[in-house]
Amino acid sequence: MRTQVAIIGSGPSGLLLGQLLSRAGIDNVILDRASRAHILERVRAGLLEEGTVGLIEQCGGASRLHAEALTHDGISLAFDGSNHRIDLHALTGKRVTVYGQTELTRDLMDHRQAAGGQSVYEAADVLPNDIDGDRPHVTYRSGGVTARLDCDFVAGCDGFHGVSRACVPPSALTTYERVYPFGWLGILADVPPADRELIYAYHPRGFALCTMRSPQRSRYYIQCGLDDGSLFLVGDPAHIVPPTGAKGLNLAASDVHYLISALREFYAEGSRAGIDAYSARALSRVWKAVRFSWSMTLMLHQFPENGAFGRRMQEAELAYLVGSRAASAALAENYVGLPY
Ligand code: APR
Ligand code: PHB
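Enquirer: Go over the packing of helix α8 (residues 248–269) against helix α9 (residues 273–300) with me, naming the residues and quoting the values.
Expert: Contact pair α8 / α9: the axes reach a minimum separation of 9 Å and the direction vectors enclose 165°. In terms of their interaxial angle, α8 and α9 are classed as roughly antiparallel. Seen from above, α8 lies across α9 with right-handed handedness. Here α8 contributes Asn250, Leu251, Ser254, Asp255, Tyr258, Leu259, Ser261, Ala262, Leu263, Glu265 and Phe266 to the contact with α9, which in turn contributes Ala273, Gly274, Ile275, Tyr278, Arg281, Ala282, Arg285, Val286 and Ala289. Tallied by class, residues from the contact of α8 with α9 come to 12 nonpolar, 4 polar and 4 charged.

Shown next as structure tokens:
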């Protein structure tokens, strides 16, 4: 199969891009590893800026949004026992639109289907190839059969955990990261919203957000501790590593090892000891693997800032590594996986 732009991911970004390309007469195909039904079951964000609504209008898929979405002129910041309204419209002349991402995705999917756009769902092992060369293409499996989509460009619209980000050479990617020391618990409830507009609350017990999906359906978010409650992060949501050390999947598996033993202990003995220790136990192994991925990445990649000295150090490290049994053993024991 051949197209002009291969789009990986059928979320809002992939669907918007696909529709806008089609309207510009540029052929495109969307590939997503999930099924259409699965994508439409996910509860996601829900607040649209005017620019976003404008893009949806340009796609021609905004009629249900205009009929059903809620338009808000302001928000409230709640602290010290009172609500302080910020009048967005008075201050900027603009409004915000409350419309669930799931609904938006459904509209864009329906619109694409009606317009005859091509999408492949449940595409397994989607992989961009030759992105630096003359023949970019995406390979994937569909219904057990391997397929190839030749294209001019690949657009990676597959989220933070998708395959596209992992295909960017580390030397071309700069990550600026702020890791927040808490998580958020989101609740969707079939009850009328707490207020007509959104409330962002600052409180000694933590942040809370009251938002909504409709006059009958509320969405709430509260700040929670990373090791609080009954949410356990396993694998990538907790830690990301570059592909060099082959640790991503294996760290997800070792997290499962610690979590399963904690849960078994909980159900067999009623003890929370393993659960309370889960993060510390899993992370003690994770950090060693993060260090290993980092050292392999430093040793094997071209970094723009390296200079001649840096390259010499890499060459010397490689030569030492292959010439020394002790250094080879250090690589090997990390590569095959440190003990659980
Ligand atoms: N191969 C193919 N498809 C994949 C792969 C993969 N390896 N990994 C992820 N996908 C698909 C997912 O199944 C999903 O349908 O990519 C799609 C990404 O969609 P979203 O996560 O909704 O991302 P995006 O369209 O960029 O959504 C915009 O809204 O809720 C916010 O911050 C959130 O980034 C998200 C944004
Ligand atoms: C929402 O899900 O409705 C939502 C999420 C984050 C916000 C605002 C709204 O800041």
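Having seen it, we continue.
Enquirer: If you had to explain the sheet that holds strand β16 (residues 217–224) to someone new, which residues and values would you point to?
Expert: Spatially, the 6 strands line up as an open sheet ordered β6-β5-β14-β15-β16-β13, and their pairing is mixed. If you trace the sheet from one side to the other, it starts and ends with β6 (82–87) and β13 (183–189), each paired once. Averaged over all adjacent pairs, the angle separating strand axes in this sheet is 25°, with direction ignored. In this structure, strand β14 (residues 198–201) lies alongside strand β15 (residues 208–214), joined through 3 bridges in antiparallel fashion. Note on β15: the bridge partner recorded for Ile199 is Cys210.

Enquirer: Explain the site of ligand 1 residue by residue, including any values.
Expert: Around ligand 1 there are 20 residues in total, and Pro12, Ser13, Asp32, Arg44 and Gln101 lie nearest to it. Here an oxygen atom of ligand 1 sits 2.9 Å away from a polar atom, N or O, in the main chain of Ser13. At a separation of 3.1 Å, an oxygen atom of ligand 1 approaches a polar side-chain atom of Arg44. A total of 720 Å² of accessible area belongs to ligand 1 in isolation, and the protein chains cover 76% of it. Here the residues of the shell around ligand 1 are counted per class, giving 8 nonpolar, 7 polar and 5 charged.

Enquirer: For the layout of surface pockets, give the residues involved together with the corresponding values.
Expert: Put simply, the second largest pocket is a space of about 300 Å³. Considering the residues around the second largest pocket, the lining is formed by 20 residues, among which Gly100, Thr102, Glu103, Arg213 and Arg217 are closest to the centre. Contributions of two or more residues to the lining of the second largest pocket are made by α4 (63–68), α6 (101–114) and β15. For the lining of the second largest pocket, the leading source of residues is α6, giving 4 residues. Residues of the lining of the second largest pocket, tallied by class, amount to 7 nonpolar, 4 polar and 9 charged.

Rules of the game
- Residues numbered from 1 in each chain as written.
- Chains lettered and ligands numbered in written order.
- Predicted model: local features only at pLDDT ≥ 70, side-chain atom pairs only at ≥ 80, totals over all residues.
- Heavy atoms only, no water.
- Axes fitted to C-alpha atoms, helices over the stretch in contact; angles between N-to-C directions.
- Helix = DSSP H or I, 4+ residues; strand = E, 2+ residues; numbered from the N terminus.
- Parallel < 35°, antiparallel > 145°, perpendicular 65-115°, else oblique.
- Left-handed = near helix turned anticlockwise from the far one by under 90°.
- Contact = heavy atoms within 4.5 Å.
- Nonpolar A, V, L, I, M, F, W, Y, C, P; charged D, E, K, R; others polar.
- Pairing = 2+ DSSP bridges.
- Near = heavy atom within 4 Å.
- Polar contact = N/O pair within 3.5 Å; in protein donor to acceptor, adjacent residues only side chain to side chain.
- Areas by Shrake-Rupley, 256 points an atom, 1.4 Å probe, with all protein chains shown as cover.
- 1 Å grid on protein atoms, 1.4 Å probe; cavity = no way out; pocket = protein on both sides within 12 Å on 5 of 7 lines; lining within 4 Å.
- Points joined across faces, edges and corners; volume = space filled by probe spheres on them.

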